[in-house]
Amino acid sequence: MNISIEPIVIEQKSVFVQMMELYNYDFSVFSDDDINEYGYFGYSRIDDYWNEEGRYPFFIRVDGKLAGLVLIRSCCEHNNLSNPHNIAEFFVMKKYRRKGVGKAVAIKIFDMFPGGWEISQWTNNLPAQNFWNKVVAEYTSGKYNTFTAKEENEVGLTFDNSL
């Protein structure tokens with residue numbers, strides 16, 4: 001299985017929008033969001049990925065086929081980290097889950113962006129918490145910290161992979 005990530009370019013915006021709809025559909029189990037009257041969840045930050053510094057959108061591909069996306073930001077929401085990075089959204093289509101795709105993508109992304117990392121999950125999203133705890137523990141050989149952002153109902157992990 002060949003797992004790759006590729007930057008999303010503006011010409012792929014319509015595919016990005018569609019992929020975000022699939023992600024938001026999956027995530028609605030945790031967010032309790034509903035679709036609007038036009039049948040869409042929407043994602044207000046789509047254009048920010050081409051209009052703001054420090055935002056990096058990537059498609060995930062498995063054997064050349066679209067399999068998900070990962071959105072990175074150069075900031076932290078809950079911690080003060082040096083050279084910060086944050087996983088804004090992480091989506092692997094169900095067909096590709098539990099096959100090592102998410103872990104491989106996370107490692108590639110971490111290696112691409114050395115520095116401080118903050119990865120948060122909603123407290124009700126136990127599958128995401130389990131995934132990130134395992135991946136980060138393995139990637140860092142157990143050298144990471146945890147945090148709770150009670151006002152946001154989020155928990156998370158931080159680590160620094162600067163060389």
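Everything discussed here concerns the structure shown above.
This one's a predicted model, so the numbers in the text were calculated from it and none came from an experiment.

A.B. asks: Go over the nonpolar core with me, naming the residues and quoting the values.
C.D. replies: Core analysis: the largest hydrophobic core is formed by 26 residues, its most contacted members being Ile87, Val105, Ile109, Phe110 and Trp132. Of all the secondary-structure elements, those providing two or more residues to this core are strand E1 (3–7), strand E2 (55–62), strand E3 (65–73), strand E4 (84–92), helix H3 (101–112), strand E5 (116–122), helix H4 (126–140) and strand E7 (154–160). No other element matches H3, which puts 5 residues into this core. Apart from residues lying up to four places away in sequence, Val105 is in contact with Ile3, Ile5, Ile60, Val70 and Phe90. Membership of the second largest hydrophobic core comes to 13 residues, among which are Met19, Phe27, Tyr43 and Phe91.

A.B. asks: Describe the pairing of E2, and please don't skip the residues or the numbers.
C.D. replies: Of all the 8 residues making up E2, 7 are buried; the element is thus mostly covered by neighbouring parts of the structure. Inspection of the sheet shows E1 paired to E2 by 5 bridges, in the antiparallel sense. Paired with Pro7 across the bridge in E2 is Phe58. Hairpin geometry of E2 and E3 is characterised by an intervening segment of 2 residues between the two adjacent antiparallel strands and by a positive phi of about 50 degrees at Asp63.

Calculation rules
Residues numbered from 1 in each chain as written. Predicted model: local features only at pLDDT ≥ 70, side-chain atom pairs only at ≥ 80, totals over all residues. Heavy atoms only, no water. Core = buried A, V, L, I, M, F, W, Y, C linked by side-chain atoms within 4.5 Å. Buried < 20%, exposed > 50% of the residue type's maximum accessible area, 1.4 Å probe, protein only. Helix = DSSP H or I, 4+ residues; strand = E, 2+ residues; numbered from the N terminus. Contact = heavy atoms within 4.5 Å. Pairing = 2+ DSSP bridges.

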